[in-house]
Every structure is written in structure tokens, then in C-alpha cells.
Amino acid sequence: MKRSVFRSRCQIFGRPGTAAVAALLLIGPFALAAETEEFPTGYTDGPQLPGSQWRVHDEARPRPPIVAPGTAGKPPADAVILFDGTNLKAWTSVKDGGPATWKVADGYMEVTAGAGDIATREEFGDSQLHVEFATPAPPSNHSQGRGNSGVFLYGIYEVQILDSFDNLTYADGQASAIFGQTPPLVNVSRPPGEWQTYDIIYTGPRFKDGKVVTPGYVTILHNGVVTQNHTELLGAVRFRALPALVVHGPAGPIQLQDHTYPVRFRNIWIRPLQR
């Protein structure tokens, strides 16, 4: 019994003598039952939510599944591991469809210039994607010639990777931009050589009769900071041209770009989301 509750009851019965203690013992179970009733696990008489089969605070509404969160660089328990630092079994070469041949060493993979882009063997729809990367150090070149790569959703919508630390380039081409479309809200790039994170939450567009009926959207946290907030995907990436309409299915690969620069990646995982 909480001390405050005991004190309040003592105020009613006086100092806790034998009679008062006996009375408290009699009242105790009823008081605990009343306290329990004050915090029900749901209700059956709430108003119906518009467009839903559920009522407000519905006792019968299914509870979300319990998932152990990741800690210290470890992915959540329900994540699909795309790269754990040991091999490229989850990836294939976009160039020829064969095994991915990027360098793997010391827990990371590194772009091998000329090997071509790599893509996941498995395809994914709406998802939460986690990618860690590091641009080359010491840096060389400037603008788009510095630590350039990219993460492609569905293989066609590019989230730009670039060394944007003290490196001027066009706004829709810097780190965490939707390339050629939408600049990031802020530049939170770390110095070259330091590990950085992208957490990308996205929903793909829906098509009917060759037209977009529901746009795709993406939210990005770069190094824990929101840089894209429910940003509309205007179309497939194109260089120095308007985004292209590409009709595709509800799922597609995750693709990493070989732009010739030795960008490193580690700890890549994805969580498919249910609508």
C-alpha cells in the first residue's frame, strides 16, 4: 500500500491502533479494486472512429506486436538484415545480375570503382531503411566530385550520398537530397571519414491505368536530424532533367550506387511497413 494512501486512511481512523488497523484490513481489498477500476485496459462504449471498425479506446482493438528495439548499432528484432559486415549474399550486381563484387573488409563494404551498382536480391515496398556510410578521407575534388554515391528506393528514387561537409554544390544534389528534386531541410553532414546514418521511412506511389493515383513520400533522418519531412517523390531520378514517370509494382530493390568513389557502408537493415 502506498504511504500516502495509508496516511489518508489514518487521518480518518486516527492513529493506527488495533481497531484502526483492523478497519484498514477490511477496507484494503475494496480500495485496491476501486483503484484498479480507475485504470481500465479499454472501453466498449466509446464513439465509433470515422471510417474505422474500432471505437475510441476500444478494448477489442488488437495491440501492436512487441518488438525488441536495437541498441548500440544493433538492428530491431524484426529487421531484415541487408549487410552485417561479413558478406554480400543479400546483394547482386545490377550490371550483369551476378554476385555483387564490392570490397568487404573490417565490417564494412566499399564501392569498387567500375564494378557497377549493387541491388538487393529481395524486393521491398513501404519500409523503414537504415544505412550507415562514410565518405572518403582525406577528401578530394569538390562539389559532386566528392564522396558521391546514392541510395535508390525501388531502384529509381535516389537519396543522394555526398561529402557535403564544407563542400558547396547545388541544393538538390547534396547529402540527403532527393536528387534533382528536393534539397534537405538542413545540412547535418559530418566530416569525411566519419560514419553517418540515414534512417529513411518511405511509402511508394500507387498507380492505376498508367497514372499516379497516390504519390510516394519519404521522410529522412540524417544523423538523427529530420532532413526530409514527408517529401513527395516527383518521379524517377534523372540528371539535369525533370523526374520521369515510371510505373512500377508495389515492391522494388534497394540499390547502392557505384559513382567511382570509395564510399563505405555498414549496418544496413530494413523493416517492411504494413499499411
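J.: So what's going on with the pattern of salt bridges? Residues and values would help.
T.: All chains considered together, the criterion is met by six salt bridges. Two residues, Asp 78 and Arg 271, come together in a salt bridge whose shortest N-O distance is 2.8 Å. With Asp 78 in the loop between helix H2 (18-37) and strand E1 (80-83) and Arg 271 in strand E15 (residues 264-272), this residue pair connects regions lying 193 residues apart in the sequence. Here Arg 206 makes a salt bridge to Asp 126, at a shortest N to O gap of 3.0 Å.

J.: Can you tell me about the nonpolar core, naming the residues and giving the values?
T.: Of all hydrophobic cores here, the largest spans 37 residues; its most connected members are Trp 91, Leu 129 and Phe 265. Elements represented by at least two residues in this core include exactly E1, strand E6 (127-134), strand E7 (149-153), strand E8 (157-161), strand E9 (196-203), strand E12 (216-222) and E15. Dropping the residues within four chain positions of it, Phe 265 is found in contact with Phe 83, Trp 102, Tyr 108, Met 109, Val 111, Val 131, Glu 132, Phe 133, Ser 149, Ile 161, Trp 195 and Leu 256.

J.: Go over the pairing of strand E11 (residues 211-214), please, and point to the residues and values.
T.: By the bridge criterion, three bridges tie strand E10 (residues 206-208) to E11 in an arrangement that is antiparallel. Note on E11: the bridge partner recorded for Lys 208 is Lys 211. Between E10 and E11, which pair antiparallel one after the other, the connecting turn spans two residues, and Asp 209 there sits at a positive phi close to 55 degrees.

J.: Tell me about the sheet that holds strand E2 (residues 91-93), residues and numbers included.
T.: Taken in spatial order, the five strands line up as E2-E5-E14-E7-E8 in an open sheet, and their pairing is antiparallel. Of all the strands in the sheet, the pair left with one neighbour each is E2 and E8. Judged from the five bridges that link them, E7 and E8 form a sheet pairing that is antiparallel. Residue Val 151 lies in a different strand from E8, and its bridge partner there is Val 159.

J.: Could you give an account of the packing of aromatic side chains, naming the residues involved and the relevant values?
T.: Within this structure, the stated rule accounts for five aromatic pairs. An aromatic cluster of three or more residues is present, and its members are Tyr 154, Tyr 157 and Tyr 202.

J.: Describe unusual backbone geometry, naming the residues involved and giving the relevant values.
T.: In this structure, Pro 138 follows Ala 137 across a cis peptide bond, with omega equal to -5 degrees. If you trace the backbone, Pro 138 turns up in the loop between E6 and E7. Within the chain, Ser 176 stands out as a residue other than glycine whose phi angle is a positive 70 degrees. Structurally, Ser 176 can be placed in the loop between E8 and E9. Located in the positive-phi region is Asp 209, a residue other than glycine, with phi close to 55 degrees. Checked against the element boundaries, Asp 209 lands in the loop between E10 and E11.

Basis of the calculations
Residues numbered from 1 in each chain as written. Predicted model: local features only at pLDDT ≥ 70, side-chain atom pairs only at ≥ 80, totals over all residues. Heavy atoms only, no water. Salt bridge = Lys/Arg side-chain N within 4 Å of Asp/Glu carboxyl O. Helix = DSSP H or I, 4+ residues; strand = E, 2+ residues; numbered from the N terminus. Core = buried A, V, L, I, M, F, W, Y, C linked by side-chain atoms within 4.5 Å. Buried < 20%, exposed > 50% of the residue type's maximum accessible area, 1.4 Å probe, protein only. Contact = heavy atoms within 4.5 Å. Pairing = 2+ DSSP bridges. Phe/Tyr/Trp six-rings, centres within 6.5 Å; stacked < 30°, edge-to-face > 60°.

Everything listed here is a matter of geometry and, on its own, says nothing about what the molecule does.
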